[in-house]
Amino acid sequence: ASSGSKMETPSKRGISTGLSVASALPLWMTNALPLSIVYAGKRAIIQCVITGSPPLKVVWLKDNQAVPKEPAHYQTSCEQNKHSLEITKAEPANGGLYVCKVSNNIGTTECSTELRVIDKPDFVKPLGPVAAVVGGPLQLECQVDEDTGVTVSWTRDGRKVHQSPDCKLSFEDKTVTLDILKTTLKDCGNYVCTVTNDAGSATCSSSYRIVSQGSLTSLEIHSFESADAGEYECVISNEVGSVTSKSSAKQRG
């Protein structure tokens, strides 16, 4: 936390025996960093220790404006010389620069801290339609708007997907990726990506599933949308050669 002093220089006065001149001392803020972080929905407390001659006038500011007097949301308290501003349930809009300004008949001093409220992650680019070819690579990719304290998990048909030599999971620059080098029938299914931090979680899923029963292979599209309409091509290959079959999908009604 930063601290500054704007104390006026007291005028010279005659001092008699037993009379002391009051002085305002610098203000320190404890339990706060230059950048304080709290997750949305959690309690945030900003505290500072004030020393100086009474009476003291303490004012809390947020972005150069007096903190709204909303007892259900903001609460101020004082215990001995420790002053606190509590946000009972932080929201992203509560982020900003908080200043504690103190004054008495000698002068004024203040200190400040920047508060950042981290919201739960959300998908800005969810998983898109994916068609996998058995034997070929498969990549699932999505993007989130928040990565602070975020963990990522994948499931396929309700079962957790783990990192392995054949399946690479990554999360960099707010981009979540699942890469399978060589797709097999066991890799086919409905994939769900879940991102979580202390503020909450969000999920998105792929909408394609390849099903193979004996010599019959089919592609199922769950939750069909207009973007899924179009021409589809099935390629079956082995060491001898390959064969291709085409079909089209349309949205009804």
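Let us look at the structure shown here. Here the structure is a predicted model, which means the values were calculated and not measured.

This part covers the environment of C167. By secondary structure assignment, the location of C167 is in strand β15 (residues 167-172). The exposure class assigned to C167 is buried, which follows from its relative accessible area of 8%. Taking the C-alpha atoms as reference points, C167 and D187, 20 residues apart in sequence, are found 9.7 Å from one another. Ignoring any residue separated from it by four or fewer positions in sequence, one finds C167 in contact with V161, H162, L178, D179 and I180.

The subject of this paragraph is the side chain of K62. By secondary structure assignment, the location of K62 is in strand β5 (residues 57-62). Within polar-contact distance, the side chain of K62 engages the side chain of D63 at 3.0 Å.

Within the open sheet, the four strands sit side by side as β11-β12-β16-β15. Their pairing is antiparallel. Where the open sheet ends on each side, the last strands, each with one partner, are β11 (123-125) and β15. Recorded for the sheet is a direction-independent mean angle of 25° between the axes of neighbouring strands. As defined by bridge partners, β11 adjoins strand β12 (residues 138-144) across two bridges and the pair is classed as antiparallel. Paired with F123 across the strands is V144, a residue of β12.

Attention now goes to the side chain of Q47. Relative to the assigned elements, Q47 resides in strand β4 (residues 44-49). A relative accessible area of 14% places Q47 in the buried class. Reaching out from Q47, the side chain makes a polar contact with the side chain of S84 at a distance of 3.2 Å.

Here we take up the sheet that holds strand β17 (residues 191-197). Pairing within the open sheet is antiparallel, and its four strands lie in the order β14-β13-β17-β18. Edge positions in the sheet fall to β14 (159-160) and β18 (200-205), since each of these pairs with one other strand and no more. Bridge analysis of strand β13 (residues 151-156) against β17 gives six bridges, and the strand direction is antiparallel. Within the sheet, the bridge partner assigned to T151 lies in β17 and is T196.

We now examine unusual backbone geometry. The phi dihedral of N64 falls on the positive side, at around 70°, and the residue is not glycine. One can find N64 in the loop between β5 and β6 (65-66). With a phi close to 65°, K174 is a non-glycine residue in the positive phi region. By the element assignment, K174 lies in the loop between β15 and β16 (175-180).

Procedures and definitions
Residues numbered from 1 in each chain as written. Predicted model: local features only at pLDDT ≥ 70, side-chain atom pairs only at ≥ 80, totals over all residues. Heavy atoms only, no water. Helix = DSSP H or I, 4+ residues; strand = E, 2+ residues; numbered from the N terminus. Buried < 20%, exposed > 50% of the residue type's maximum accessible area, 1.4 Å probe, protein only. Contact = heavy atoms within 4.5 Å. Polar contact = N/O pair within 3.5 Å; in protein donor to acceptor, adjacent residues only side chain to side chain. Pairing = 2+ DSSP bridges. Axes fitted to C-alpha atoms, helices over the stretch in contact; angles between N-to-C directions.

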